[in-house]
Amino acid sequence: MNNRLFLKEKLQTLLETTQRFSDGSPITNLKLDKALAAEIEQLTEELEGVNPNLYPLLYAPTLLQGTWQLQYSTAREIRALDSLPFGFKVGQVYQAIDIANKSFFNLAFVKHPLGIISGYVKVTASFEIAKENSSPLPDKRLNVYFDKRYLSIDKIIGIKTPQLNPFKVVAANNPQGRIPTLDITYIDENFRIGRGGDGSLFILSKAA
């Protein structure tokens, strides 16, 4: 087994072991002790160093296409999902990317532990390929523009509630004075690592 596959398998196994009691929800560094978070970061950096697609937006943009499940993140907005009001718990979090239309949406399922209510939060967005340092060729960076946020309840006590799906649609927040960016630092057919402009880390696996 070559070094890249060894590192990838080691990181995936570590994430799966850590996530086994999380009901599919993404792990955040807030849930982990510092040593384990540091080990994940170290393995991630090593895997990024052997990225088989160094210029993904130039040579392999179609690898982004499809639905990805978030496994791990240090992003503030993901960590905030650990503290939802009224006892709600976050479940699986997905990102669906449409390369042809330069758009994507993030989808986070939420539910009450007692099974009273379940629903989701969806954020739609568009993106464009950024050109770093005035380079005439694209590299790995995307500029991101958030559009709308949908809040939906799909079931109450097991009964479907289409009238509440969604019950609220609002404009999504974009940072003032800067354009959010995402660097694709590792990608293959079923695994992706990204770094936000604020240094946040996202690790995802291909779902469909």
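Each value, and the rule that gives it
- Residues numbered from 1 in each chain as written.
- Predicted model: local features only at pLDDT ≥ 70, side-chain atom pairs only at ≥ 80, totals over all residues.
- Heavy atoms only, no water.
- 1 Å grid on protein atoms, 1.4 Å probe; cavity = no way out; pocket = protein on both sides within 12 Å on 5 of 7 lines; lining within 4 Å.
- Points joined across faces, edges and corners; volume = space filled by probe spheres on them.
- Helix = DSSP H or I, 4+ residues; strand = E, 2+ residues; numbered from the N terminus.
- Nonpolar A, V, L, I, M, F, W, Y, C, P; charged D, E, K, R; others polar.
- Contact = heavy atoms within 4.5 Å.
- Core = buried A, V, L, I, M, F, W, Y, C linked by side-chain atoms within 4.5 Å.
- Buried < 20%, exposed > 50% of the residue type's maximum accessible area, 1.4 Å probe, protein only.
- Expected span 1.5 Å × (residues − 1).
- Arc of directions from axis to C-beta.
- Phe/Tyr/Trp six-rings, centres within 6.5 Å; stacked < 30°, edge-to-face > 60°.
- Lys NZ or Arg CZ within 6 Å of the ring centre and 35° of its normal.
- Patch = residues over 30% accessible without salt bridge, like charges linked within 9 Å, V, L, I, M, F, W, Y side chains within 5 Å.
- Areas by Shrake-Rupley, 256 points an atom, 1.4 Å probe, with all protein chains shown as cover.
- Salt bridge = Lys/Arg side-chain N within 4 Å of Asp/Glu carboxyl O.
- Pairing = 2+ DSSP bridges.

Asks: Before we move on, can you summarise the layout of surface pockets with the specific residues and values?
Replies: Taken as a whole, the largest pocket encloses approximately 1200 Å³ of empty space. Surrounding the largest pocket, 39 residues form its lining, E77, I78, N106, F146 and F202 being those nearest its centre. If you list the elements that add at least two residues to the lining of the largest pocket, you get α4 (76-79), β3 (89-98), β4 (103-111), β5 (117-129), β6 (141-156), β9 (181-187), β10 (191-196) and β11 (201-206). Top contributing element to the lining of the largest pocket by residue count: β4, with 5 residues. Looking at the lining of the largest pocket residue by residue, the classes come out as 25 nonpolar, 8 polar and 6 charged. Here the second largest pocket defines a volume of roughly 310 Å³. Around the second largest pocket, the lining is made up of 14 residues, and of these F88, V110, V121, I153 and F167 lie nearest the centre. Here the lining of the second largest pocket gets 5 residues from one element, more than from any other, and that element is β5. Among the residues forming the lining of the second largest pocket, the class breakdown is 11 nonpolar, 3 polar and no charged.

Asks: Would you mind going over the side chain of N143 in detail, with residue names and values included?
Replies: Positionally, N143 belongs in strand β6. Ignoring sequence-local partners within four residues, the contact set of N143 consists of S126, F127, E128, A130, I179, P180 and T181.

Asks: A description of the nonpolar core should follow, citing residues and the corresponding values.
Replies: Counting 23 residues, the largest nonpolar core has L64 and F202 as the members making the most contacts within it. Every element with two or more residues in this core is listed here: β2 (66-73), β3, β4, β5, β6, β9 and β11. Residues L7, L15, Y72 and I193 belong to the second largest nonpolar core, which totals 17 residues.

Asks: Account for helix α2 (residues 34-48), with residues named and values stated.
Replies: Over its 15 residues, α2 extends 21 Å from the first C-alpha to the last, a length consistent with the 21 Å expected when each residue adds 1.5 Å. For α2, the set of buried residues is L36, A37, I40, L43, T44, L47 and E48. Down the axis, α2 shows its buried residues gathered within 140° of arc, on one side only. Seen from the open side of α2, the exposed residues pointing more than 90 degrees away from its buried face are K34 and A35. Elements in contact with the buried residues of α2: α1 (3-19), β2, β9, β10 and β11.

Asks: Go over the packing of aromatic side chains, please, and point to the residues and values.
Replies: In this structure the tally under the stated criterion is 5 aromatic pairs. Taken together, the ring pairs in this structure connect Y94, F109 and Y120 into an aromatic cluster. Over the ring of Y150 we find K122, and its NZ or CZ is 5.1 Å from the ring centre.

Asks: I'd like to hear about a nonpolar patch on the surface, residue by residue, with values.
Replies: A cluster of nonpolar residues, L54, Y55 and Y59, forms a patch on the protein surface that exposes about 390 Å² of accessible area. According to the relative accessible area criterion, L54 is exposed, its value standing at 53%.

Asks: Let's hear about the pairing of β3: which residues, and what values?
Replies: Each regular strand displays side chains that alternate between the two surfaces of the sheet. Most of β3 is tucked away: 7 of the 10 residues are buried. Where β2 lies against β3, 4 bridges are found, and the strand directions are antiparallel. Across the sheet, residue G66 finds its bridge partner in β3, namely I97. As judged from the 8 bridges shared by β3 and β4, these two strands associate in the antiparallel manner.

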